[in-house]
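Geometric and topological summary
Here are the chains, one letter per residue:
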Amino acid sequence: MEKSSIVIAGGGSTFTPGIVLMLLDNLDRFPIRQIKFYDNLEERQKQIADACEIIIHEKDPDISVLATTDPEEAFTDVDFVMAHIRVGLYAMREKDEKIPLKYGVVGQETCGPGGIAYGMRSIGGVIELVDYMERYSPDAWMLNYSNPAAIVAEATRRLRPDAKIINICDMPIGIEDRMAKAAGLKSRKEMVIRYYGLNHFGWWTDIRDKEGNDLMPKIREHVKEHGYLTDAEMESSQHGDESWMQTFSKAKEVYALDPDTMPNTYLKYYLYPQDEVAHTNPEYTRANQVMAGREKEIFSECNQITANGTAKNMGLEIDEHASYIVDLARAIKLNTHERMLLIVENNGAVKNIDPTAMVEVPCIVGVNGPEPLVMGEIPQFQKGLIEQQVSVEKLVVEAWIEGSYQKLWQALTLSRIVPNAKVAKQLLDDLYEVNKEFWPTLN
Ligand code: NAD
Ligand code: G6P
Ligand code: MN
C-alpha cells in the first residue's frame, strides 16, 4: 500500500492530538509517510505539534513530521488536507454564544445567529486553505470539518466549484454509536442507514443490519424513552460533558415531532429554542466549558509530554470516532466504495428540494470522491424546515460574497431561531461590531 502524506490544517486545534493518535492506530489500514501541521498561530500550534512529534516518533520513527505556518511548506507534497480551523478561536465562539443570549435567543456554535457569525468568519479561512492546496498539491483532497460546515460547504460550492473538498461531520457518527448500542450491536459499522437533510439538520429514515433486518423498531423504543442517552460507558470522550447529556436526552422531544424518523440532535435548537435559552447561563456558555475543560486539558497534557520528552503514561486519548476521517481518506485512496454520510451538492438526491442545496446524504466513496445516493421525496414537515434553513445558509454566503448588510439581515430574520426582523437587526449590529476584524465590510 502506498503511504500517504497529510497536512492537518488548524494544527493547533484541540482535536489534533486525538486525530494523530487515531491515525497512528490505523497505520495498517492507512499507511502514512508524512504528517505536517499547519496553523496561522505559531505559538498555539507549537505546543500541540511538539507533543505530537514525540507521540508519532515513539510509534514510528520513519514518519516525517513538520510544523509550519508557511503555506508553501505545509501544502507541498500532500495527498490529504485534514482541515479543522476555528477562525477567531474560542474567544469569538464565546461572543457568538453570548450576544444572542442577551436578546433571549439561542447562542450556539453552528446554529442560528452564532452559527451565522461564525460562518462569516470561516468562509475566507477555508477558501484560503483550498487555494493553498490547489496551488501546491493540485491532486490532493481536502477533508474539511471546519465549522459551520453547512455554510462553508455552500461557500466552496459557489466560490470554488471544482475544488476537491469534502465536508463531513461527526455528529451522526456519535448518534449512530448510540443507536447501535440501543439496537444491541457492537458497532455502528454493522448498520446501513438512510438519512437526509443539511449539516446539523437532518433525519434518519431507515436503519438496518447487514442482513437487511429493520432496526428502527428497537431504536424507536429506546429513543421514545431515553432519547439518545445510553449507558455510562458511552458517556466519555468527545460528547461526554453534562451539556451533551442534556442534548442526547432532549432528542426524545425532538423525535416526538416525527416518530417515523430519527432526528439529528442539533434540531433541538430550531424546534425548542426557548427551552435551550431557559437552561443556559448567559454568563457561562459552552465556549466557557470547553475553554476550562477540553482546551485546558489538551494543552496541559501536550506541554507535559514535551517537558518529559516522552509520551509514555500520557493522559491523551485516541479520538476513536474520528476514525471516520481515516475511513474517508482510505475510501478515496484505496477506492473502497465505502458508504458514508457526507455533505454534497443535492443534484436530485433529495428530490423535492433545491438541487443546488448542500445536503447531507449517504454517498459511495471512491477515487473520484463521493457519489450521492438518492433519498427520494421527503415529507412536507422536513421540506419546509429544510427550505427555510437552506435559504438562511445561501443568504449568508451571498452576503459574504457581495458584502451585503441587507442579505445578512434577511438571513438572520429567516433563521427559525430568531423571533423577528427587529431582533435580527440588533443581533446583526452587535455581531458585526465585534467581528469587524474577520467579516468582509458590509454595505
Ligand atoms: P481550536 O480553536 O482549538 O483550533 C482551531 C485552530 O485553527 C487554532 O489553532 C487556530 O489558530 C487555527 N486557525 C484559525 N484560523 C486559521 C486560519 N485561517 N488558517 C490556519 N489556521 C487557523 O478549535 P477546535 O475546538 O479544536 O475546533 C476546530 C474546528 O473543528 C472548529 O471549526 C470546530 O467547529 C470543528 N469541528 C467540527 C466537527 C464536525 O463535526 N464537523 C467536529 C469537531 C470539531
Ligand atoms: C459535534 C458537532 C461538531 C461541533 C461539536 C461541538 O461534534 O458535530 O460540529 O463542533 O459537536 O462540540 P463542543 O464540545 O466543542 O461543544
Ligand atoms: Mn458537526
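Residues numbered from 1 in each chain as written. Chains lettered and ligands numbered in written order. Predicted model: local features only at pLDDT ≥ 70, side-chain atom pairs only at ≥ 80, totals over all residues. Heavy atoms only, no water.

Regarding the sheet that holds strand 8 (residues 201-209)
Pairing is antiparallel in the open sheet, where 3 strands are placed in the order 7-8-9. Looking at strand neighbours, the two that pair on one side only are strand 7 (191-198) and strand 9 (262-263), the edges of this open sheet. Taken together, the 2 bridges between strand 8 and strand 9 define a ladder with antiparallel strand orientation. Bridge pairing links Trp204 to Met262 in strand 9. (Pairing = 2+ DSSP bridges. Helix = DSSP H or I, 4+ residues; strand = E, 2+ residues; numbered from the N terminus.)

Some thoughts on unusual backbone geometry
Across the junction of Asn147 and Pro148, the peptide omega takes the value -15 degrees, indicating a cis bond. Along the chain, the position of Pro148 falls in the loop between strand 5 (141-144) and helix 6 (149-159). Phi at Leu89 takes a positive value of approximately 55 degrees, unusual for a residue other than glycine. Structurally, Leu89 can be placed in helix 4 (residues 89-102). You can call Leu89 partly exposed: its relative accessible area is 34%. Positive phi is not limited to glycine here, since His200 has a value of about 60 degrees. Along the chain, His200 falls in the loop between strand 7 and strand 8. Judged by relative accessible area, which is 6%, His200 ranks as buried. (Buried < 20%, exposed > 50% of the residue type's maximum accessible area, 1.4 Å probe, protein only.)

A few points about the coordination of the manganese ion (ligand 3)
Protein coordination of the manganese ion (ligand 3) is provided by Cys169 (SG) and His200 (NE2), with donor distances spanning 2.2 to 2.4 Å. With Cys169 in the loop between strand 6 (165-167) and helix 7 (171-182) and His200 in the loop between strand 7 and strand 8, this pair connects stretches of sequence that are 31 residues apart. Across this residue pair, the class does not change: Cys169 and His200 are buried. (Donors = N, O, S within 2.8 Å, 3.2 Å for Na, K, Ca; no water.)

With respect to the confidence of the model for the protein chain
Overall, the predicted model of the protein chain reaches an average pLDDT of 97, with 99% of residues at or above 70. Here the predicted complex carries an ipTM of 0.99, next to a pTM of 0.98. (pLDDT = per-residue confidence, 0-100.)

Thoughts on helix 15 (residues 405-414)
Among all positions of helix 15, only Tyr405, Leu408, Ala411 and Leu412 are buried. Looking straight down helix 15, one finds that the buried residues subtend no more than 120 degrees of arc, so they occupy a single side. Looking at the buried residues of helix 15, the elements they touch are helix 5 (112-136), helix 14 (380-402) and helix 16 (421-435). Two to three positions downstream of the cap, the backbone nitrogen of Gln406 sits 3.4 Å from a side-chain oxygen, assigning the N-cap of helix 15 to Ser404. (Arc of directions from axis to C-beta. Contact = heavy atoms within 4.5 Å. Polar contact = N/O pair within 3.5 Å; in protein donor to acceptor, adjacent residues only side chain to side chain.)

Things to note about the site of ligand 2
The local shell around ligand 2 holds 14 residues, among which Arg93, Asn147, Asp170, His239 and Arg286 are the closest. Within the backbone of Met171, an N or O atom sits 3.4 Å from an oxygen atom of ligand 2. Burial of ligand 2 by the surrounding chains reaches 93%, relative to a free accessible area of 390 Å². A total of 3 residues in the shell around ligand 2 trace back to one element, the largest contributor, which is helix 12 (residues 286-308). Broken down by class, the residue content of the shell around ligand 2 amounts to 5 nonpolar, 4 polar and 5 charged. (Near = heavy atom within 4 Å. Areas by Shrake-Rupley, 256 points an atom, 1.4 Å probe, with all protein chains shown as cover. Nonpolar A, V, L, I, M, F, W, Y, C, P; charged D, E, K, R; others polar.)

Comments concerning the environment of Val350
As for its placement among the helices and strands, Val350 is situated in the loop between strand 10 (338-345) and strand 11 (358-366). With relative accessibility at 2%, the residue Val350 sits in the buried group. A sequence separation of 35 residues divides Val350 from Gly315, and the C-alpha atoms of the two residues are 44 Å apart. Not counting residues within four places of it along the chain, the set of residues in contact with Val350 comprises Tyr196, Val359, Val361, Gly376 and Ile378.

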